[in-house]
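# Structure assessment
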Amino acid sequence: MTLDGDIVIKCIPDPGYVHRGEEKMCEYRTYIQNIPHLERPVILDSCGILFPYVLAVEELLGLSEKVPERAQYLRVIMAEFNRIISHLYWLAIQGIFTGHSTMFMWATGDREYFIDLAAMASGARVTFAYYVPGGVRCDVPPSWEDKVLKVCEYFEGRLQEYKKIYFENPVFEKRTMDVGFLSKADAIALGCVGPTLRASGVKSDVRIDEPYSLYDTFEFSVPVMQEGDSWARCWVCFYEMLESLKIIKQAIRKMRPGPVRLPLRGQLRGRVGEAYARTEAARGCMSYHIISDGGPHPYRVRISTPSFRNLPAIPKVIEGYRLADVPVSFWSLNYWPVEADK
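Residues numbered from 1 in each chain as written. Predicted model: local features only at pLDDT ≥ 70, side-chain atom pairs only at ≥ 80, totals over all residues. Heavy atoms only, no water.

### Thoughts on the overall build of the protein
For the protein, the helix and strand inventory stands at 15 helices and seven strands. On C-alpha atoms alone, the protein measures out to a radius of gyration of 20 Å, which is about the 20 Å that the 2.2 N^0.38 rule sets for 342 residues. If one aligns the C-alpha atoms of the protein with their principal axes, the spans along those axes are about 65 × 45 × 30 Å. Taking all 342 residues of the protein together, the buried fraction comes to 58%. (Helix = DSSP H or I, 4+ residues; strand = E, 2+ residues; numbered from the N terminus. Rg over C-alpha atoms; globule rule 2.2 N^0.38 Å. Buried < 20%, exposed > 50% of the residue type's maximum accessible area, 1.4 Å probe, protein only.)

Pasting the structure below:
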């Protein structure tokens, strides 16, 4: 950043410092072996980055129409868990950046409820490795559904408390309103995705635009704000957590007993060709382009992550504002460097 006093007059993003070659590693591992390491760039949203990978692999294997219904519901539930887990982490840090340590403690504590539910399903607490070609790795334990509904009911009430103590707090409003403005035209021209795009007045969500894994059977809204500032981006994430709770509850009530995984045998080999899949991860559109030569390893894997898509917006929301506004504006984009660099 270049400063004139405490005004940022120039900001140039310099990514790449946490690049670890995820796409190249995919070429030396089988389709199943790729699952654990692909979660590493987005440990806060491990299901979000795995979802499109598994959908693309299933297309190559000819399994897209064969995935058990129960597995599809479980995928949706876990994806929405991860959306909330990711948003709560973001909210906790934003609380610190706006001088509200209570918000940090509340969000961090409530996040544990969803991590515990995901751990009960997958056996892991951070990166779940839950999605596999043909379904999910394992079924959920008995009475898990009841616990999910109880947590959802609890968290709905907590979000209203968040609203009172933080989102309607004059300090939060002063720090975020008219700060870090990103116009609708700029958001579109720069190729932004997710809450960043929706906070600038664009209704775009892959779950609605190109439904996958039963998302077209759920009733939910896509939160959109017109203001385009840091305040609007924060509110979009707040409303998204409410909508995720709606989806989770619907999925729990619709889900019926049954198989959760296709009984695949031997080493998986995709057909010769290519596949593309995209989903709506916590930070926005996440997509994979996989090329197969018919062998047990992908020939080529290309990952498009939402943080990389939102990278060009960083100068727009920082330049022209005071240095003290940088943490709030930057973090309102929910930019995750490891996700962007892969």
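### What about the nonpolar core?
Core analysis: the biggest nonpolar cluster contains 92 residues, and Tyr-53, Phe-81, Leu-91, Tyr-131, Trp-144 and Tyr-162 have the highest contact counts within it. Sequence-distant contacts of Leu-91, that is, excluding residues within four places in its chain, are made with Met-103, Ala-107, Tyr-162, Tyr-166, Phe-167 and Met-241. Of all hydrophobic cores here, the second largest spans 16 residues; its members include Cys-192, Ala-313, Val-317 and Ala-340. (Core = buried A, V, L, I, M, F, W, Y, C linked by side-chain atoms within 4.5 Å. Contact = heavy atoms within 4.5 Å.)

### Points about helix H3 (residues 46–61)
The terminal C-alpha atoms of H3 lie 22 Å apart, and with 16 residues this matches the ideal 22 Å at 1.5 Å per residue to within 8%. When you tally the buried positions in H3, you get 14 out of 16 residues, the bulk of the element. Gly-62 occupies a position one or two residues after H3 and carries a positive phi of about 75°. (Expected span 1.5 Å × (residues − 1).)

### Side note on the pairing of strand S5 (residues 273–281)
Direction of pairing for S5 relative to strand S6 (residues 284–292): antiparallel, over a ladder of nine bridges. Each bridged residue has a counterpart across the sheet, and for Thr-279 the counterpart in S6 is Met-286. Taking the residues that link successive antiparallel strands as the turn, the S5-S6 hairpin has two residues. (Pairing = 2+ DSSP bridges.)

### Quick look at the packing of helix H4 (residues 69–97) against helix H5 (residues 101–122)
In contact at an axis separation of 8 Å, H4 and H5 are set at 160° when each is read in the N-to-C sense. By the angle between their directions, the pair H4 and H5 is classed as roughly antiparallel. Remark: the crossing between H4 and H5 carries left-handed chirality. Looking at side-chain class alone, the contact of H4 with H5 contains 18 nonpolar, four polar and two charged residues. (Axes fitted to C-alpha atoms, helices over the stretch in contact; angles between N-to-C directions. Parallel < 35°, antiparallel > 145°, perpendicular 65-115°, else oblique. Left-handed = near helix turned anticlockwise from the far one by under 90°. Nonpolar A, V, L, I, M, F, W, Y, C, P; charged D, E, K, R; others polar.)

### What about the packing of H3 against H4?
Between two packed helices, what matters for the description is the angle formed by their axes and the separation of those axes. Where H3 contacts H4, the two axes come as close as 8 Å, and the packing angle between them is 145°. Facing H3, whose interface residues are Ser-46, Cys-47, Gly-48, Phe-51, Val-54, Leu-55 and Glu-58, H4 presents Arg-75, Met-78, Ala-79 and Asn-82. Partitioning the contact of H3 with H4 into residue classes produces six nonpolar, three polar and two charged.

### Side note on the sheet that holds strand S7 (residues 300–304)
If you trace the three strands from one edge of the open sheet to the other, you get S5-S6-S7, paired in antiparallel fashion. Two strands in the sheet have a free side with no partner beyond their single neighbour: S5 and S7. Going across the sheet, the axis of each strand differs from the next one's by a mean of 10°, ignoring polarity. Set on the sheet, H3 makes contact with S5 and S6; between it and S5 the angle comes to about 150°.

### Here we look at the environment of Lys-66
Counting through the fold element by element, Lys-66 comes out in the loop between H3 and H4. Looking at Lys-66, the relative accessible area reads 52%, which means it is exposed. Residues Lys-66 and Ile-77, spaced 11 residues apart in sequence, show a C-alpha to C-alpha distance of 19 Å.

### Overview of the packing of aromatic side chains
In total, this model carries 25 aromatic pairs according to the counting rule given. Measuring from centroid to centroid gives 5.1 Å for Phe-114 and Phe-155, while their planes differ by 80°, and the two rings are edge-to-face. With Phe-114 in helix H5 and Phe-155 in helix H6 (residues 144–167), this pair connects stretches of sequence that are 41 residues apart. Each of the two residues, Phe-114 as well as Phe-155, counts as buried. Three or more aromatic residues link up through ring pairs in this structure, and these residues are Phe-51, Tyr-73, Tyr-131, Tyr-212, Tyr-215, Phe-218 and Phe-220. For the cation-ring pair, Arg-75 lies above Tyr-131, with the distance from its terminal atom to the ring centre recorded as 5.9 Å. If you follow Arg-158 out to its NZ or CZ, it ends over the ring of Trp-106, 4.3 Å from the centre. (Phe/Tyr/Trp six-rings, centres within 6.5 Å; stacked < 30°, edge-to-face > 60°. Lys NZ or Arg CZ within 6 Å of the ring centre and 35° of its normal.)

### Some thoughts on the side chain of Ser-244
Locating Ser-244 in the fold gives a position in helix H11 (residues 230–254). Excluding anything up to four places from it in sequence, Ser-244 contacts Glu-80, Arg-83 and Ile-84.

### Topic: the pairing of strand S2 (residues 7–10)
A regular strand carries its side chains on alternate faces of the sheet. Looking at chain direction, strand S1 (residues 2–4) and S2 are connected through three bridges and run antiparallel. Among the inter-strand pairings, Leu-3 is bridged to a residue of S2, identified as Val-8. Hairpin connection from S1 to S2: two residues lie between these consecutive antiparallel strands, with Gly-5 at a positive phi of about 70°.

### Some details on the pattern of salt bridges
Oppositely charged side chains may form a pair once their charged atoms are brought near each other. Enumeration over the complete set of coordinates arrives at 23 salt bridges. For the salt bridge of Arg-20 with Glu-22, the shortest nitrogen-to-oxygen distance reads 3.9 Å. The exposure class assigned to Arg-20 is partly exposed, which follows from its relative accessible area of 38%. Between Lys-24 and Glu-27 there is a salt bridge whose closest N-O contact spans 3.1 Å. The class of Glu-27 is buried, set by a relative accessible area of 18%. Salt bridges linked by common partners bring Glu-80, Arg-83, Arg-198, Asp-205, Arg-207, Glu-240 and Glu-280 together as one network. (Salt bridge = Lys/Arg side-chain N within 4 Å of Asp/Glu carboxyl O.)

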